[in-house]
Amino acid sequence: MGEKARGNLIIIGGAEDKKGESKILKYVVNLIGGPEGRLLILTTASEVQGEVGTEYREVFGKLGVNNIDVLDINSRDEANMDENCDRIRNASGIFFTGGDQLRITSILGGTKANEALKEAYLNGVVIIGTSAGASVMSSTMIVDGNSNDPARKCTTKMAPGLGLLEEAIIDQHFEQRGRIGRLLCGVAENPYMLGIGIDEDTAIRVYPDAHFEVLGSNAVTVLDGRSIKSSNVSELKPDEILSITDVTLHVLANGYGFNMQDREVLRLH
């Protein structure tokens, strides 16, 4: 997995603090180079791109970023424009806003902009995503599933993501929307993948050596399916309650991290 997480990612569970201490967004600003960092805000996930772009431009401007570019890619034609690809390559940080993660993959997938994004990531550009922009970071993403509901088979819908983080499934707004059931279904179907559920105003920073650090005010839930002894996920009767045994669960707050390669919790400070 160390070969599969070569850039720097900050994956935010949504509803990050924008008006108070803004700890996560300040961390982002530091990581992209401070006031002189070149931040690109990519609004593809949203159907109200102008509104979302304006909001984040103001937020990051108040945090001291001088060079902010908002890129509204709304179609596959726009995603294949060389000018837009150049804007992606010239950034030191690329921020995916929230919205609908399927808009990101269906518009960017297989385009020149997608290739430029991967190139930027492998060159060390910081890629940041919040909410839908968080889910899309992994190779396989959750696009739909029941919140605040028991784990039921065949209710979690998944699709290919951008593939910047492999062998993991990200879910966001995790505790606040009661999403453990749907993440358990995802891990039961793909036991080799880590399930990572990120609460609101909480983030993980993924380092190139495939460990992550927890940031923010709430928690990150990690589901490790390698230890599963049995589940009924492949049996008939869709919508039946999921049965699963010996899944490993960790809940990690700020000050903790996780080695995704060795599957070990880290106490950082």
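Overview of the structure.

## Notes on the overall build of the chain
Alright, step 1. Along the chain, the regular secondary structure elements total eight helices and 17 strands.
Alright, step 2. Taking 18 Å as the expected radius of gyration for a compact globule of 269 residues, we find that the chain reaches 18 Å, a close match to that expectation.
Alright, step 3. Counting only C-alpha atoms and orienting by the principal axes, one finds that the chain spans roughly 50 × 45 × 35 Å.
Alright, step 4. Each of the 269 residues in the chain was classed as buried or not, and the buried ones make up 55%.
Alright, step 5. Summarising the internal contacts of the chain: among those between residues at least 6 apart in sequence, 73% fall at separations of at least 24.
Alright, step 6. By element, 46% of the accessible surface of the chain is carried by carbon and sulfur atoms, the whole surface being about 11300 Å².

## A word on helix H6 (residues 112-122)
Alright, step 1. What H6 keeps buried is the set Ala113, Asn114, Ala116, Leu117, Ala120 and Tyr121. Down the axis of H6, the smallest arc covering the buried residues is 160 degrees, so these residues share one side.
Alright, step 2. Residues of H6 that are buried make contact with strand S1 (8-12), helix H3 (76-79), helix H4 (82-89), strand S4 (93-96), helix H5 (101-108) and strand S5 (126-130).
Alright, step 3. Gly124 sits one or two residues past H6 and shows a positive phi near 95 degrees.

## Looking at helix H8 (residues 180-189)
Alright, step 1. Judged by how many residues are buried, H8 sits mostly within the fold: eight of 10 residues are covered.
Alright, step 2. Listed as buried for H8 are Gly181, Arg182, Leu183, Leu184, Cys185, Gly186, Val187 and Ala188.

## Re the environment of Asp149
Alright, step 1. With respect to the helices and strands, Asp149 occurs in the loop between strand S6 (140-144) and strand S7 (157-160).
Alright, step 2. Residue class for Asp149 comes out partly exposed when judged on its relative accessible area of 31%.
Alright, step 3. Distance in space between the C-alpha atoms of Asp149 and Gly20 is 32 Å, their sequence separation being 129 residues.
Alright, step 4. Excluding residues within four positions of it along the chain, Asp149 makes contact with Gly178 and Gly181.

## Things to note about the layout of surface pockets
It is the rolling of a water-molecule-sized probe over the atoms that shows where space remains empty.
Alright, step 1. In this model, the largest pocket occupies a volume close to 200 Å³.
Alright, step 2. Around the largest pocket sit Lys18, Lys19, Gly20, Ser22, Glu55, Glu58, Val59, Lys62 and Leu63, which together line it.
Alright, step 3. Residues of the lining of the largest pocket, tallied by class, amount to two nonpolar, two polar and five charged.
Alright, step 4. Taken as a whole, the second largest pocket encloses approximately 160 Å³ of empty space.

## Let's talk about the pairing of strand S10 (residues 202-206)
Two faces make up the sheet, and in a regular strand the side chains alternate between them.
Alright, step 1. The buried count for S10 comes to five of five residues, which makes it a mostly enclosed element.
Alright, step 2. Where burial is concerned, the two faces of S10 agree: the one with Thr202, Ile204 and Val206 and the one with Ala203 and Arg205 are both buried.
Alright, step 3. Relative to S10, S1 is paired through four bridges, and the arrangement is antiparallel. Bridge pairing in S10 links Leu9 to Val206.
Alright, step 4. In terms of strand pairing, S10 meets strand S11 (residues 211-216) through five bridges, oriented antiparallel. When the sheet's bridge partners are listed, Thr202 is paired in S11 with Gly216.
Alright, step 5. From the end of S10 to the start of S11, which pair antiparallel, there are four residues, and Ala210 there has a positive phi angle of about 70 degrees.

About the thresholds
Residues numbered from 1 in each chain as written. Predicted model: local features only at pLDDT ≥ 70, side-chain atom pairs only at ≥ 80, totals over all residues. Heavy atoms only, no water. Helix = DSSP H or I, 4+ residues; strand = E, 2+ residues; numbered from the N terminus. Rg over C-alpha atoms; globule rule 2.2 N^0.38 Å. Buried < 20%, exposed > 50% of the residue type's maximum accessible area, 1.4 Å probe, protein only. Contact = heavy atoms within 4.5 Å. Areas by Shrake-Rupley, 256 points an atom, 1.4 Å probe, with all protein chains shown as cover. Arc of directions from axis to C-beta. 1 Å grid on protein atoms, 1.4 Å probe; cavity = no way out; pocket = protein on both sides within 12 Å on 5 of 7 lines; lining within 4 Å. Points joined across faces, edges and corners; volume = space filled by probe spheres on them. Nonpolar A, V, L, I, M, F, W, Y, C, P; charged D, E, K, R; others polar. Pairing = 2+ DSSP bridges.

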